[in-house]
There are 2 protein chains.
Amino acid sequence: MKIVALAGGVGGAKLAHGFSKIINTDDFSVIVNTGDDFTHFGLTICPDIDTVCYTLSEKSNPVTGWGRNNESFDVMDALKELNAPDWFLLGDKDLALHLERTRLLWEGQSLTLVTERLRRVLGVHHSILPMTNELVRTFVNTVEHGKIPFQEYFVKYKYLPKTIGFDFIGIEKAFPSPEVLGKLAESDLVILCPSNPFVSINPIISLPGVRNILRGKFIVGVSPIIGGKAVKGPLALMLQDANLPVEPESIIKMYDDFLDIFLIDTNDHHHTRTSEIPSSIIISDAEILLTDISKRIHLAETIINLYEKYK
Amino acid sequence: MKIVALAGGVGGAKLAHGFSKIINTDDFSVIVNTGDDFTHFGLTICPDIDTVCYTLSEKSNPVTGWGRNNESFDVMDALKELNAPDWFLLGDKDLALHLERTRLLWEGQSLTLVTERLRRVLGVHHSILPMTNELVRTFVNTVEHGKIPFQEYFVKYKYLPKTIGFDFIGIEKAFPSPEVLGKLAESDLVILCPSNPFVSINPIISLPGVRNILRGKFIVGVSPIIGGKAVKGPLALMLQDANLPVEPESIIKMYDDFLDIFLIDTNDHHHTRTSEIPSSIIISDAEILLTDISKRIHLAETIINLYEKYK
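Each value, and the rule that gives it
Residues numbered from 1 in each chain as written. Chains lettered and ligands numbered in written order. Predicted model: local features only at pLDDT ≥ 70, side-chain atom pairs only at ≥ 80, totals over all residues. Helix = DSSP H or I, 4+ residues; strand = E, 2+ residues; numbered from the N terminus. Buried ≥ 20, exposed ≤ 12 C-beta atoms within 10 Å, placed from the backbone. Core = buried A, V, L, I, M, F, W, Y, C linked by C-beta atoms within 7 Å. Domains from an automatic or database assignment. Contact = placed C-beta atoms within 7 Å. Nonpolar A, V, L, I, M, F, W, Y, C, P; charged D, E, K, R; others polar. Least-squares fit on C-alpha atoms with pLDDT ≥ 70 in both.

### Section: the environment of Ala286(A)
Link 1 in the chain: You can see Ala286(A) is positioned in strand β14 (residues 282-286).
Link 2 in the chain: The class for Ala286(A) is buried, based on 20 C-beta atoms found within 10 Å.

### Section: the nonpolar core
Link 1 in the chain: Within the largest apolar cluster, 171 residues are counted, with the highest numbers of intra-cluster contacts made by Ala5(A), Ile191(A), Ala5(B) and Ile191(B).
Link 2 in the chain: For this core, the domains that each give at least three residues are domain 1 (3-136 + 172-310) and domain 2 (138-164) of chain B.
Link 3 in the chain: Not counting the four nearest positions on each side in its chain, Ala5(B) is found in contact with Gly12(B), Leu15(B), Ala16(B), Phe19(B), Val30(B), Ile191(B) and Cys193(B).

### Remarks on the interface of chain B and chain A
Link 1 in the chain: Between chain B and chain A, the residue contacts involve 22 residues of the former and 22 residues of the latter.
Link 2 in the chain: It is helix α4 (residues 92-106) of chain B that provides the largest number of residues to the side of chain B that touches chain A, a total of 10 residues.
Link 3 in the chain: Among the residues forming the side of chain B that touches chain A, the class breakdown is 13 nonpolar, four polar and five charged.

### Topic: the relation of the copies chain B and chain A
Link 1 in the chain: For these two chains of identical sequence, chain B goes onto chain A by a turn of 180° and a shift of 0.0 Å along the axis, with RMSD 0.0 Å. Taken together, the rotation and translation relating the two chain copies correspond to the operation of a two-fold axis. When C-alpha distances to the rotation axis are compared across chain B, the minimum falls at Gly42(B), with a value of 3.3 Å.
Link 2 in the chain: When the interface residues of chain B are mapped onto chain A, 100% of them again fall at the interface, so both copies present the same face.

### Focus on unusual backbone geometry
Link 1 in the chain: One non-glycine residue, Lys158(A), lies in the positive phi region at around 50°.
Link 2 in the chain: You can see Lys158(A) is positioned in the loop between α6 (150-156) and β8 (163-169).
Link 3 in the chain: Residue Phe41(B) is not a glycine yet carries a positive backbone phi of 55°.
Link 4 in the chain: One can find Phe41(B) in the loop between β3 (38-40) and β4 (43-45).
Link 5 in the chain: Since 27 C-beta atoms lie within 10 Å of it, Phe41(B) is described here as buried.

This is how it looks when you write it as C-alpha cells:
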C-alpha cells in the first residue's frame, strides 16, 4: 500500500512523522508546499520543506516545532550588529542548510534533487518532495500593507494584517514535478495533513492537473481546526477574514470535490453540523492533537484502518 | 594632502591601517582589488575588501591577519555535518557580513554603495572603494588543474599549483567606479601597498584608464618582498614560476612606467642591484615588516616624508 501526504509545515510534518514510523521507506512520501519559499540574504529558504526534514529526522526544535534543536544564533547576533534585517530568525544549523541548498541550486540542480540530497544527509529515510521545481510564491493581499510576500505577512507582521486573499505567483506556469506526479499516480491513499488549507494545501492542489488527479484517488483529510481554534498559526484569523466559521465544516467545503474521509477531533464530533456536508464524505473522529510521537503514530494507524474499512 | 592607497588583502590592509591612524577621514582612501571576489553558497564574498574593513576597524583576527577576531564557527561545523564544501573557512561573524552584502546587492545597490554602508557599520572612518562595480574575476592558469578561479588556487589548493599566468575575466568591459576615478583625480600621492603585484595590484591597474592616470601621479610603492621571500602568500612562488628573481627589482619592473619612489626593507638595501632600475625611480629603505600598529604608522609617516622631500 502506497501512501502520499500533502503537507505544509509544522502540522503536516507531525502527521508525516507518524506515518514515517510505521510505513516502509518506499511506500510513504510527503509532497510539500513551496509557496512559502523565499529568497533572503540571497539564500533560497524553504520553510515547509525544512520543517518536514527536521521533524522526520527528529532534529526539530521541540518547543517551536520548526527550526533545529540544539540551535545557536551566532550569525543572527552578528547580523544584528550590522543592522541587518532580523525579523526572520536564522539559527546557525538552519542557516547551514539554506547555504548548502542555495549552493546546490546554483549548480543547476532541481529543488527536488537538492531536497533529496539534503533529506538523506539529515537522516530522513522517506521521500520529501517539493510540490514543484518551478518558482511559486505565495503573496497575501492585506488591508494594511497591500500585497506582501507570505513570509513578511507570517513572520515580519506576525499574521496580524487582515487578509483579503492569496495569490500563488507563478502557479499557472508551474507544474508538479515528475516525482510528484509519479508518487500520486502510484498512491493508494492520499492524506491531506492538518495544514492550513489557504496557504499550505491550496498551493499544492492548485498546481495544474493536481486537483483532477486527486478526484480519482482515495483521500483522507485531517482537520487543522480543533475546538473552534486553529491548532497553530493564522488559520482561524484567515477563516474569520473570509467570513467563514472557524469549524471543520469550513475546511471540508474547500476539499469537497475530492474528499472521501475527513477526520475531526473527538471533542468536536458531537457538534459538527453534518447537514451541510455532502453525504459522499465520511466524517470520522480521532485524537488529532499530535503532541507526541505516540499520538502521531496512532493517528496514522487510525487513518490506515479507516482506509481499509472504506476503500 | 590627499592620499590614495591601492591594496589587496592582508599586506595592503596593514599599511592602510597605518595611514588611517594619521590622516583625516576625507584625505585618505583605499582602492581595493575585487578580482579575488567570488560566489560561494550563493553569497558574494569579497576577501580583500573584508580584510581591509576588518583591519581598519581593528576587528581582524590578529593571528591570521584576515577574518574576524573573537570568531566562532558554528555554521561551518553544521556545513561539515551536511557534507558541504568546507575548503573556504566561513566564520559566523564573517558570514554575517557576506549575507548582508549579498542582501544589499540583491536590492540592486552597487558594490561601492554596499561597501560604504558596511565599512561604516563596522566602524571604519575612511573610504574603502572596490576598484570597480563590475564583475572582474581572477582566474589562475595552472599546470596541474588548468584555469581555475583564484580562490580555488589560493585556498582550496593552498597555492601549490605551478602558475602559468593570470586572467582577469571581465576586465576589458569593466571600468573604475566614479568614486575611484574621483579619488585618483584629486589625489596628491598614490601608494602601491606591499600587496601581490600579480593578483592584487595588477587587476586594479589593468582596469581601462587606470595605468594612464597613475603615470600622471606621484607614486610610492612598498616592496612585498623582504629578505628574498614574500612576506605572505604565493608571491615568491609566482615569481619563480615566471622565472623572475624573488627580489624587489622584479616588483619594480612591473611598475616602472609610473613609479616615483620604491621602498625596500632596510636589510635588503645593501644588495639591491640598482643598476637594473630606471634612474627615474628613487629607491629608499625603511622597516616594512608591519607587525604592529606603531610600525604601520611609522611606515606611513616615512612615505609622507619622502613625498614631501621629492614631490
